[in-house]
Amino acid sequence: MDYIQRMLRQYFSYNVESPPSCSCSSPFLPLAPSFSSNETDHEPLLAFEAATKDPSNSLSSWNSSLTFCRWRGVACSTTRQRVTGLNLVNLTLSGSITPHLGNLTFLRLLNLNNNSYAGKLGRLRRIQHISLSNNLIQGELPPTLANCTNLLSLVVSYNRLRGALPLELGSLSKLELFSIIRNALSGAIPDTLGNLSSLTGLYCGLNDLSGSLPASLGRLARLELLAFGENVITGVIPPSVFNLSKITVFDLAANQIRGSLPSDLASVFPSLDFFSVGINMLEGSIPPSLSNATSLRYIHVGYNQLTGEVPSFMKLNKLTVLALSGKMLGRGGKDLSFVASLKNATNLVSLGLDGNGFGGELHPAF
């Protein structure tokens, strides 16, 4: 989750003063008429407050003594005094995300992380950033999100979303970050996700997604984070995925994936930082090229059907976690000799070796 938070900070550090135009449309909510008066945005904000429970009195500034552009969490454009951002994070707020927010027709940022809002996603015309993590949002991801053609980040992790991922998401050509971790989303992974040509972060772990990884993901040339851990994914990893040369985080752990890992893994993922494919049905050996993945900090390949010897990790000075637990690694000789290669990994905090057939003695340092 540190990676997701780092990306969120990157995507949310932008200027909300001059929102771009947007042709986003959706049948979810009616549009407000385009007035220049401040009342155009004042009324939707009051409706949102009326539907919000605020036990900590966090919205005490939302009163008539201040213009709404000075209310807590509200950002406005300097010229038209239209609401462009609503940023109310970690304020113990609850209630319903009202359809009235759809009348904030210049809204670019909606960030309600770490509250207890319920309801469903509605219509927001010029929206660029939606972040509703750790709330009580339910229902399905609406296909009409695809109409928000300027959307750059969609983060709805830790909610109660169900149903399938809509095929229409593939039309969000500007989307850079998509995170749906820990919901109850199910069904196949749409092949259309391969059309998200601007995507750098794809985090879909802790759901009930099934079927195979689509080969179309290999078209996401800008992708840095690929994470589908803890789903019900089957089949093999498409060879096209190993063309994603910018990958730093690769997480497919705890699925039902078969096949083997490419021997040149460190070459195809030269910037690899986090590699987790444990608890699957992978066969073959641990790629020897991992010895050259000098940026690696986290390796989890345990609980597969991998066999043979473990390569040297002499060059992996940044390694903090190495998980090799299982039952098939090692040949009963001096297999533990690789442990000595970890002497330069001074930040190592976790080493899992149990349940294998390793022979020999541990290095004295351990």
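Described below are features of the structure shown in this document. Keep in mind that what you see is a predicted model, and the values were worked out from it rather than measured.

Excluding glycine, residues mostly have negative phi values, and the peptide bonds linking residues are mostly trans. Notably, Thr92 is not glycine yet its phi reads approximately 55 degrees, a positive angle. Mapped onto the elements, Thr92 comes out in the loop between β3 (83–87) and β4 (94–96). Here Thr92 falls in the partly exposed class, since its relative accessible area comes to 44%. Unusually for a residue other than glycine, Arg182 sits at a positive phi of about 55 degrees. Position of Arg182 among the secondary structure elements: in the loop between β11 (177–179) and β12 (184–188).

This part takes up the sheet that holds strand β8 (residues 136–139). Pairing is mixed across the open sheet formed by 8 strands, whose spatial order is β1-β4-β6-β8-β10-β12-β14-β16. Every other strand in the sheet has two partners, leaving β1 (52–53) and β16 (232–234) as the edge strands with one partner each. In this structure, β8 lies alongside strand β10 (residues 160–163), joined through 2 bridges in parallel fashion. Bridging across to β10, Gln138 finds its partner in Arg160.

Within soluble globular proteins, side chains that are nonpolar tend to cluster in buried spots. Judged by nonpolar contacts, the single largest core of 93 residues is most densely connected at Leu86, Phe178, Leu202, Phe228, Phe250 and Phe338. Elements represented by at least two residues in this core include exactly α2 (39–50), β2 (74–76), β3 and α3 (265–268). No other element matches α3, which puts 3 residues into this core. Look past the residues within four positions of Leu86 in its chain and what remains in contact with it is Leu45, Phe48, Trp62, Gly73, Val74, Leu101, Leu107, Leu109, Leu110 and Asn111.

Inspection of every chain in the model, using the stated rule, returns 10 aromatic pairs. For the ring pair Phe68 and Trp71, a centre distance of 6.3 Å and an interplane angle of 70 degrees mean the geometry is edge-to-face. The exposure class of Phe68 is buried, given its relative accessible area of 4%. With centroids separated by 5.7 Å and ring planes inclined at 35 degrees, the aromatic side chains of Phe242 and Phe269 adopt a geometry described as tilted. Of this pair, Phe242 sits in the loop between β16 and β17 (249–251) while Phe269 sits in the loop between α3 and β18 (274–276), and the two are 27 residues apart along the sequence. Neither Phe242 nor Phe269 differs from the other in exposure class; each is buried. The rings of Phe48, Trp62, Phe68, Trp71 and Tyr117 are connected pair by pair, giving a single aromatic cluster. Taking the ring centre of Phe106 as reference, the NZ or CZ of Arg126 above it sits at 4.1 Å.

Here 2 bridges tie β10 to β12, and the two strands are oriented parallel to one another. By the bridge assignment for β12, Arg162 is matched with Ala184.

When their charged atoms lie close together, side chains carrying opposite charge are able to pair. Under the definition given, this model contains 2 salt bridges. A salt bridge links Asp41 to Arg82; the shortest N-O distance between them is 3.0 Å. Of this pair, Asp41 sits in helix α2 while Arg82 sits in the loop between β2 and β3, placing them 41 residues apart in sequence. A residue is classified by how much of its surface remains accessible, and Asp41, at 0% relative accessible area, is buried.

So, about the state of the cysteines. Taken as a whole, this structure holds 1 disulfide when the rule is applied. Paired by a disulfide, Cys69 and Cys76 hold their sulfur atoms 2.1 Å apart. Handedness here is read from the sign of the S-S torsion; for Cys69 and Cys76, about -95 degrees, the answer is left-handed. Residue classification places Cys69 among the buried positions, given a relative accessible area of 16%.

The rules behind these values
Residues numbered from 1 in each chain as written. Predicted model: local features only at pLDDT ≥ 70, side-chain atom pairs only at ≥ 80, totals over all residues. Heavy atoms only, no water. Helix = DSSP H or I, 4+ residues; strand = E, 2+ residues; numbered from the N terminus. Buried < 20%, exposed > 50% of the residue type's maximum accessible area, 1.4 Å probe, protein only. Pairing = 2+ DSSP bridges. Core = buried A, V, L, I, M, F, W, Y, C linked by side-chain atoms within 4.5 Å. Contact = heavy atoms within 4.5 Å. Phe/Tyr/Trp six-rings, centres within 6.5 Å; stacked < 30°, edge-to-face > 60°. Lys NZ or Arg CZ within 6 Å of the ring centre and 35° of its normal. Salt bridge = Lys/Arg side-chain N within 4 Å of Asp/Glu carboxyl O. Disulfide = S-S within 2.5 Å.

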